[in-house]
Amino acid sequence: MAKETGAISWKELSLGTAILEPGSSSKLKTGDWRSMKPVTDRECCIKCGMCYIFCPDMVYSRDDEGYYVQNYYYCKGCGICAHECPKDCISMVEEGSNG
Ligand code: SF4
Ligand code: SF4
């Protein structure tokens, strides 16, 4: 069972760390070790969705205006979305900065 921090004890892991429940990683805070985070400049975003498609952690979702927004709870800061954005609208900024 995941604790509030998203961290679990090794004693709670299944034998061989087998995944016994589909989609169970959604309960874990996979972004807590991130050092960089992606920040989108909406002025240049064309709402193409490439960031959503390429993000390996399904961090992006679409807001009411059609922009793709990050859920930093899951973002691990890999930078793939920034690399794939065709308009270079996504900047990787240091975690904790105001970026
Ligand atoms: S890939 Fe870039 S241009 Fe496309 S929706 Fe994402 S931020 Fe906007
Ligand atoms: S930095 Fe990586 S994990 Fe975070 S939103 Fe971009 S592609 Fe997804």
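Everything that follows concerns the structure shown earlier in this document.
These lines cover the structure that appears in this document, whether it is placed above or below. (Residues numbered from 1 in each chain as written. Chains lettered and ligands numbered in written order. Predicted model: local features only at pLDDT ≥ 70, side-chain atom pairs only at ≥ 80, totals over all residues. Heavy atoms only, no water.)

A closer look at unusual backbone geometry
Although it is not a glycine, Lys-47 sits at a positive phi angle of roughly 60°. Tracing the sequence through the fold places Lys-47 in the loop between strand 1 (36-40) and helix 1 (50-54). Backbone geometry places Asp-88, a non-glycine residue, at a positive phi of 55°. Its location among the elements puts Asp-88 in the loop between helix 2 (80-84) and strand 4 (90-94). (Helix = DSSP H or I, 4+ residues; strand = E, 2+ residues; numbered from the N terminus.)

Let's talk about the site of ligand 1
Around ligand 1, the neighbouring residues are Thr-40, Cys-45, Ile-46, Lys-47, Cys-48, Gly-49, Met-50, Cys-51, Tyr-68, Cys-85, Pro-86 and Ile-90. The cavity that encloses ligand 1 is the largest cavity. A per-class count over the shell around ligand 1 returns nine nonpolar, two polar and one charged. (Near = heavy atom within 4 Å. 1 Å grid on protein atoms, 1.4 Å probe; cavity = no way out; pocket = protein on both sides within 12 Å on 5 of 7 lines; lining within 4 Å. Sits in = over half its atoms within 2 Å of the grid points. Nonpolar A, V, L, I, M, F, W, Y, C, P; charged D, E, K, R; others polar.)

Details of the side chain of Arg-34
Tracing the backbone through its elements, the reader meets Arg-34 in the segment before strand 1. A residue is classified by how much of its surface remains accessible, and Arg-34, at 12% relative accessible area, is buried. Within the structure, Arg-34 has its side chain in polar contact with the side chain of Glu-95 (distance 2.7 Å). (Buried < 20%, exposed > 50% of the residue type's maximum accessible area, 1.4 Å probe, protein only. Polar contact = N/O pair within 3.5 Å; in protein donor to acceptor, adjacent residues only side chain to side chain.)

What about the packing of aromatic side chains?
Under the counting rule described, the total for this entry stands at two aromatic pairs. Geometrically, the ring pair formed by Tyr-73 and Tyr-74 is edge-to-face, given 5.1 Å between the ring centres and 85° between the ring planes. The partly exposed category is assigned to Tyr-74, whose relative accessible area is 21%. Directly above the aromatic system of Tyr-67 lies the positively charged group of Lys-47, at a separation of 4.5 Å from the ring centroid. (Phe/Tyr/Trp six-rings, centres within 6.5 Å; stacked < 30°, edge-to-face > 60°. Lys NZ or Arg CZ within 6 Å of the ring centre and 35° of its normal.)

So, a nonpolar patch on the surface
A surface patch of nonpolar side chains, about 470 Å² in accessible area, is lined by Tyr-52, Ile-53, Phe-54, Met-58 and Ile-80. Within the element layout of this structure, Met-58 appears in the loop between helix 1 and strand 2 (60-62). (Patch = residues over 30% accessible without salt bridge, like charges linked within 9 Å, V, L, I, M, F, W, Y side chains within 5 Å. Areas by Shrake-Rupley, 256 points an atom, 1.4 Å probe, with all protein chains shown as cover. Salt bridge = Lys/Arg side-chain N within 4 Å of Asp/Glu carboxyl O.)

Quick notes on empty space enclosed by the protein
Applying the stated criterion across every chain, the model contains two cavities of 30 Å³ or more. Approximately 110 Å³ is the volume attributed to the largest cavity. As for the largest cavity, its lining consists of 14 residues, of which Cys-45, Lys-47, Cys-48, Cys-51 and Cys-85 are closest to the centre. The class makeup of the residues in the lining of the largest cavity is ten nonpolar, two polar and two charged. Here the second largest cavity is characterised by a volume of approximately 80 Å³. Lining the second largest cavity, in full, are Pro-38, Cys-55, Pro-56, Asp-57, Val-59, Tyr-60, Cys-75, Lys-76, Gly-77, Cys-78, Gly-79 and Cys-81. (Points joined across faces, edges and corners; volume = space filled by probe spheres on them.)

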